[in-house]
Amino acid sequence: MTNPFRYEQAFSRNIGWVTPSEQQTLRGKRVAIAGGGGVGGVHMLTLARLGVAQFHIADFDTFDLVNFNRQVGAMMSTVGQPKAEVLARMAKDINPEIDVKIFPDGVNAGNLDQFLDGVDLYVDALDFFAFDARQQTFAACARLGIPATTAAPLGMGAALLNFLPGQMTFEQYFQWGDLPELDKAIRFVVGLAPAGLHRPYLVVPDAVNFAERRGPSTFMACQLCAGIVATEALKILLGRGKVLAAPHGMQFDAYRNKLAHTWRPGGNGNPLHRLMIAVAKRQMTRELAAKATKA
């Protein structure tokens, strides 16, 4: 006979790092995750194993073979299936009591208020190049007073930023405004990981192409992101432990065995960031010009 699911038993091994009452608190929390790909899927399943039992998950895409290297829901049995639906099934296979609200059109201006309704924490897992959706979602979090966290999978490591109510906002840090997408991409990379720990071991530089919206990835980085984000989520949702918010940032690189904590007052308005952005923009302009000449 199959044993019936019991929440307390399923998550009993969390006790010690959390108290029984804190475990019940996590059970009642609702987390919104935009993006069900590389980091979004493993974020959701990690939080589900932490005992969080209410989710909003938004993604309009389906799984394909190119997702296999990094996306936890990508398998031969799920090719062609909607990512959000697959992840909801996987989470409910961990905890049948989980309440998952799926947003199959992704996040957009028309559904943001509904996506963030009743949410205790927003976890950013959008595609790197989803600039408009990311900008609008973080702006809504700031307006609604919802804590938000993002962890970027870079190389074989992870870079973390938290944006908490009443503190520096995403827009104040990244300073995107109405800039062109290429400028937003450069500012995003500089702002996410000013320490740049991942850059020295990029062995095929051409694999990074902002103009074509593509870049390399690893599952190790996605898993590291999930561990870091779930830990930040625990601290935020339970209100214990020190949470560093922007302009503080953190990057850990497992390949180089390095950890960097950064503090950049003014975000991308910081003189050091302005210099990094200018250098990156000149380099990108030269690369685009060289490719245009070859074509």
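Residues numbered from 1 in each chain as written. Predicted model: local features only at pLDDT ≥ 70, side-chain atom pairs only at ≥ 80, totals over all residues. Heavy atoms only, no water.

As named in an unreviewed UniProt entry, the chain is ThiF family adenylyltransferase, taken from Massilia pinisoli.

Novice: Explanation requested: the overall build of the chain in the structure shown.
Specialist: Regarding its fold elements, the chain presents ten helices and eight strands. Relative to its length of 295 residues, the chain is compact, with a C-alpha radius of gyration of 19 Å against a globular reference of 19 Å. Along the longest, intermediate and shortest principal axes, the C-alpha atoms of the chain span 70 × 45 × 40 Å. Going through the 295 residues of the chain one by one, you find that 49% of them count as buried. For the chain, the share of sequence-separated contacts (at least 6 apart) that also reach a separation of at least 24 residues comes to 67%. With the model as given, the accessible surface of the chain reaches about 14400 Å², and the carbon-plus-sulfur share is 56%. For the chain, the distance from the average position of its 30 positive side-chain charges to the average position of its 25 negative side-chain charges is 8 Å. (Helix = DSSP H or I, 4+ residues; strand = E, 2+ residues; numbered from the N terminus. Rg over C-alpha atoms; globule rule 2.2 N^0.38 Å. Buried < 20%, exposed > 50% of the residue type's maximum accessible area, 1.4 Å probe, protein only. Contact = heavy atoms within 4.5 Å. Areas by Shrake-Rupley, 256 points an atom, 1.4 Å probe, with all protein chains shown as cover. Lys, Arg positive; Asp, Glu negative; His and termini not counted. Charge placed at Lys NZ, Arg CZ, Asp CG, Glu CD.)

Novice: In this structure, what is going on with the pairing of strand E8 (residues 258-263)? I would like to understand it.
Specialist: As a general feature of sheets, a regular strand has side chains that alternate between the two faces. Note: strand E7 (residues 248-253) against E8, six bridges, orientation antiparallel. Bridged to Gly 249 within E8 is Thr 262. The hairpin formed by E7 and E8 contains four residues between the paired strands, and Asn 257 there has a positive phi angle of roughly 55°. (Pairing = 2+ DSSP bridges.)

Novice: Whenever I open this one, the environment of Phe 170 confuses me. Can you help?
Specialist: Its place among the elements puts Phe 170 in helix H7 (residues 170-174). Judged by relative accessible area, which is 2%, Phe 170 ranks as buried. Spatially, the C-alpha atom of Phe 170 lies 29 Å from that of Asp 99, the residues being 71 residues apart in sequence. Not counting chain neighbours up to four residues away, the residues in contact with Phe 170 comprise Arg 134, Phe 138, Phe 163, Gln 175, Trp 176 and Phe 188.

Novice: Where do I start with the UniProt feature "domain: THIF-type NAD/FAD binding fold" (unreviewed entry) in the chain in this structure?
Specialist: As annotated by UniProt and renumbered to match this structure, "domain: THIF-type NAD/FAD binding fold" (unreviewed entry) occupies residues 12-260. Structurally, residues 12-260 comprises 35% helix and 17% strand, and the distance from its first C-alpha atom to its last is 34 Å. (UniProt positions renumbered as here; feature names shortened; annotations may be inferred.)

Novice: Even after reading the chapter, I still don't get the sheet that holds strand E4 (residues 121-124), so can you show me in this structure?
Specialist: Strand pairing in a sheet relies on backbone hydrogen bonds. The paired strands run either parallel or antiparallel. Read across the open sheet, the eight strands follow the order E3-E2-E1-E4-E5-E6-E7-E8; overall the sheet is mixed. Bordering the open sheet on either side are strand E3 (99-103) and E8, each of which pairs with just one other strand. Averaged over all pairs of adjacent strands, the angle between their axes in this sheet comes to 15°, without regard to strand direction. Pairing analysis gives four bridges linking strand E1 (residues 30-34) to E4, with the strands arranged parallel. Each residue of the ladder has a partner; that of Ala 34, found in E4, is Asp 124. Those strands touched by helix H3 (residues 38-50) are E1, strand E2 (54-58), E3, E4 and strand E5 (148-154), and its axis lies near 165° from that of E1. (Axes fitted to C-alpha atoms, helices over the stretch in contact; angles between N-to-C directions.)

Novice: I keep staring at a nonpolar patch on the surface and nothing clicks. Help me out?
Specialist: Among the surface-exposed residues, Leu 65, Phe 68, Met 76 and Val 79 lie close enough to one another that they form a single nonpolar patch of about 390 Å² accessible area. Along the chain, Leu 65 falls in the loop between E2 and helix H4 (83-94). (Patch = residues over 30% accessible without salt bridge, like charges linked within 9 Å, V, L, I, M, F, W, Y side chains within 5 Å. Salt bridge = Lys/Arg side-chain N within 4 Å of Asp/Glu carboxyl O.)

Novice: Where do I start with the packing of helix H6 (residues 131-144) against helix H8 (residues 181-192) in this structure?
Specialist: When two helices pack together, their arrangement is captured by the angle between the axes and the distance separating the axes. In the contact formed by H6 and H8, the axes pass within 11 Å of each other and the chain directions differ by 60°. Between H6 and H8, the angle falls in the class oblique. Seen from H6, the contacting residues are Phe 131, Asp 132, Arg 134 and Gln 135; seen from H8, they are Glu 181, Lys 184, Ala 185 and Phe 188. Residue composition of the contact of H6 with H8, by class: three nonpolar, one polar and four charged. (Parallel < 35°, antiparallel > 145°, perpendicular 65-115°, else oblique. Nonpolar A, V, L, I, M, F, W, Y, C, P; charged D, E, K, R; others polar.)

Novice: I'm lost on the nonpolar core in this one. Help?
Specialist: Side chains that are nonpolar tend, in soluble globular proteins, to be buried together. Among the nonpolar cores identified, the biggest contains 43 residues, and Val 31, Ile 33, Met 44, Leu 47 and Phe 55 are the most heavily contacted of them. For this core, the secondary-structure elements that each account for two or more residues are E1, H3, E2, H4, E4, strand E6 (157-163) and helix H9 (219-238). Counting residues per element, this core draws most heavily on H9, which supplies eleven residues. Not counting chain neighbours up to four residues away, the residues in contact with Leu 47 comprise Val 31, Ile 33, Val 52, Phe 55, Ala 230 and Ala 233. (Core = buried A, V, L, I, M, F, W, Y, C linked by side-chain atoms within 4.5 Å.)

Novice: Would you take a moment to explain the packing of H3 against H9 for this structure?
Specialist: At a minimum axis distance of 9 Å, the contact between H3 and H9 shows a crossing angle of 45°. Taken as axis vectors, H3 and H9 run oblique relative to one another. Crossing of H3 against H9: the hand is right-handed. Of the residues in H9, those in contact with Gly 38, Val 39, Val 42, His 43, Thr 46, Leu 47 and Leu 50 of H3 are Cys 222, Cys 225, Ala 226, Val 229, Ala 230, Ala 233 and Leu 234. Looking at the contact of H3 with H9, its residues break down into eleven nonpolar, three polar and no charged. (Left-handed = near helix turned anticlockwise from the far one by under 90°.)

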